[in-house]
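If you want the building blocks of each chain, they are given just below.
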Amino acid sequence: MKVKNDSKYLQSQLYEKGQVKNWDHLERFWLRCFYDHLRCSPEEHVVCLTEPPLSSIDSRETATEIMFETFGVQGLQLANPASMALFGNHVLAESSFPPLDELTGLVVDVGESVTSIIPVTAGNVVGSCVKQFGLGGSHVTRFILDSLTTRRQPVPDHNRWEVAEQIKQSLCYVSANPRQDVETFRADSKRHKIFDVK
C-alpha cells in the first residue's frame, strides 16, 4: 500500500512481506481513514481490523494500543482475513450466516508481496499449518514491467508502474495449465490483446 506523493501526502510503503514496516505512518494513515474518508469519530465505534495470518504478538499489541490509546475506540476485534473470507463466501452463497463451528476451508490469499495458504477449521486458523512464500501482486507487476522493457513497448517513463498495474488488473488470470496456455498464445496471434495506455 503506497500513499500518493504530493504536498499533502508522505510517500511510504506501509507493509513489507505482510508485516507493518512503519507504525507511525500506519497510524497517520488510519487517522486519515477515520476523519477524512469515513468522516467518523473512532471514539463512537467498535473497530474490526484484519491482520496477517502469522502476525506477531508484538504487532497485535501495537495495533491494539494505537486503537485504544490514540483513537479511543469503544472496542476492537482483530480478525484473520482467511476466516472472514470464508464467512463472507458462505453468506454470499447461502444468504445466511454460518455457525462458526461449520466454517472450514482453505484460503489462498495473494497479497502485494506475499502469498499465504491458510487452513481454517471451525472458524479458527490452524496456525501451525499456514504456509507463506514471498511472491505476490507486486512481483507480477514487476514481471509485466520487465516484459514491457524487454519488448521495447512505448510506455512513458513517468507512469510505467501504473501501466503495468492496469495490464495486470485487466488482462491477468490464473491458469489451470500454464504451459498449454503459453503454447496456445504463441500459436494463435488472434488471442493477443492490444492494451490502450491511458
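Everything that follows concerns the structure shown earlier in this document.
Predicted model, so just to flag it, every value in this text is computed and none were measured.

## With respect to the side chain of Glu51
Tracing the backbone shows Glu51 in the loop between strand S3 (46–50) and helix H2 (57–70). Judged by relative accessible area, Glu51 falls into the buried class, the value being 14%. A polar atom in the side chain of Glu51 sits 3.0 Å from the side chain of Arg60. Ignoring anything within four residues of it in the chain, the contact list for Glu51 reads Arg60, Leu78, Ala79, Asn80 and Pro81.

## So, the pairing of strand S4 (residues 75–79)
Taken together, the 5 bridges between S3 and S4 define a ladder with parallel strand orientation. Pairing of Val46 across the sheet is with Gly75, part of S4. The parallel pair S3 and S4 is bridged by H2, and the resulting crossover is right-handed.

## Focus on the packing of helix H4 (residues 137–150) against helix H5 (residues 160–171)
Put simply, H4 and H5 touch, their axes get as near as 9 Å, and they point 110 degrees apart. As summarised for this structure, H4 and H5 are arranged roughly perpendicular, according to the angle between their axes. Between H4 and H5 the crossing geometry is right-handed. Of the residues in H5, those in contact with Gly137, Ser138, Val140, Thr141, Arg142, Ile144, Leu145, Leu148 and Thr149 of H4 are Arg160, Trp161, Val163, Ala164, Glu165, Ile167 and Lys168.

## Structural notes on helix H3 (residues 81–94)
Compared with an ideal rise of 1.5 Å per residue, which puts 14 residues at 20 Å, H3 spans 20 Å between its outermost C-alpha atoms and is within 8% of the ideal. Residues Ala82, Ser83 and Leu86 constitute the buried set of H3. Buried residues of H3, viewed axially, fall in a sector of 105 degrees; they line one side. In the core, the buried residues of H3 are packed alongside strand S5 (105–110), strand S6 (115–121) and strand S7 (124–125).

## Re unusual backbone geometry
A positive phi angle, close to 55 degrees, is found at Ser95, a residue other than glycine. Relative to the assigned elements, Ser95 resides in the loop between H3 and S5. What makes Ser95 exposed here is its relative accessible area of 66%. A positive phi angle, near 55 degrees, is found at Ala122, a position not held by glycine. Taking relative accessible area as the criterion, Ala122 reaches 31% and is therefore assigned partly exposed.

Criteria and cut-off values
- Residues numbered from 1 in each chain as written.
- Predicted model: local features only at pLDDT ≥ 70, side-chain atom pairs only at ≥ 80, totals over all residues.
- Heavy atoms only, no water.
- Helix = DSSP H or I, 4+ residues; strand = E, 2+ residues; numbered from the N terminus.
- Buried < 20%, exposed > 50% of the residue type's maximum accessible area, 1.4 Å probe, protein only.
- Polar contact = N/O pair within 3.5 Å; in protein donor to acceptor, adjacent residues only side chain to side chain.
- Contact = heavy atoms within 4.5 Å.
- Pairing = 2+ DSSP bridges.
- Right-handed = clockwise from strand over helix to strand, strands pointing away.
- Axes fitted to C-alpha atoms, helices over the stretch in contact; angles between N-to-C directions.
- Parallel < 35°, antiparallel > 145°, perpendicular 65-115°, else oblique.
- Left-handed = near helix turned anticlockwise from the far one by under 90°.
- Expected span 1.5 Å × (residues − 1).
- Arc of directions from axis to C-beta.

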